Amino acid sequence: QVQILESGGGLAQIGGSLRLSCEASVQYVLGWFRQAPGKEREFVSFISESGMTAYYTDSVKGRFTISRDRAQNTVYLQMNNLKAEDTAVYYCGVTWSILGSRSRDDYAYWGQGTQVTVSS
């Protein structure tokens, strides 16, 4: 059974920063998605198994950085210059797709989520 544990969410001011962590029991492609109230879960970023390749949705490019520490089985999402529209529950997921995916349907396992709230 794949285990995923997210942490690092909280309250931040507009323009502030937060770092999310995702500890997984497997070394596969890991992705971050987010879900705001009343909206569907949307893709944010994913990183390859090697950590050499990363992809981002356009709205976070230049502000968010995904990275992984293979020794710690952990993927991080550094979020800078936060905006109010970044407010959501952030989920980490595992996909068996070697090339990664932007579709939540391709992710087989999810963590419990961590709340990120950005306000003025």
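Residues numbered from 1 in each chain as written. Predicted model: local features only at pLDDT ≥ 70, side-chain atom pairs only at ≥ 80, totals over all residues. Heavy atoms only, no water.

Engineer: I keep staring at the sheet that holds strand β3 (residues 18-24) and nothing clicks. Help me out?
Structural biologist: Hydrogen bonds between backbone groups are what pair the strands of a sheet, and the pairing can be parallel or antiparallel. Read across the open sheet, the four strands follow the order β1-β3-β8-β7; overall the sheet is antiparallel. Since the sheet does not close on itself, it has two edges, and those belong to β1 (4-7) and β7 (64-69), each with one partner. Between one strand axis and the next, the sheet turns by 15° as a mean value, whatever way the strands run. Across six bridges, the pairing between β3 and strand β8 (residues 74-79) is antiparallel. (Pairing = 2+ DSSP bridges. Helix = DSSP H or I, 4+ residues; strand = E, 2+ residues; numbered from the N terminus. Axes fitted to C-alpha atoms, helices over the stretch in contact; angles between N-to-C directions.)

Engineer: I keep staring at the state of the cysteines and nothing clicks. Help me out?
Structural biologist: By definition, a disulfide links two cysteine residues through a covalent bond between their sulfur atoms. Enumeration over the complete set of coordinates arrives at one disulfide. Shown here is the disulfide that connects Cys22 with Cys92, its sulfur atoms set 2.0 Å apart. One quick way to see it: the torsion about the S-S bond of Cys22 and Cys92 is about -75°, and its sign makes the bridge left-handed. Here Cys92 lies in strand β9 (residues 88-95) and Cys22 lies in strand β3, a separation of 70 residues in the sequence. (Disulfide = S-S within 2.5 Å.)

Engineer: Could you clarify how one ought to interpret the nonpolar core in this entry?
Structural biologist: Nonpolar side chains tend to gather and get buried jointly when the protein is soluble and globular. Trp32, Phe64, Leu77, Met79 and Tyr90 are the most contacted members of the largest nonpolar core, which has 26 residues in total. Taken together, the elements giving at least two residues each to this core come down to β3, β4 (29-35), β5 (42-47), β7, β8, β9 and β11 (114-119). What Met79 contacts, discounting residues up to four positions off in sequence, is Gly16, Ser17, Leu18, Leu20, Arg63, Phe64, Tyr90 and Val116. Judged by nonpolar contacts, the second largest core, of five residues, contains Phe33, Phe43, Phe46 and Tyr107. (Core = buried A, V, L, I, M, F, W, Y, C linked by side-chain atoms within 4.5 Å. Buried < 20%, exposed > 50% of the residue type's maximum accessible area, 1.4 Å probe, protein only. Contact = heavy atoms within 4.5 Å.)

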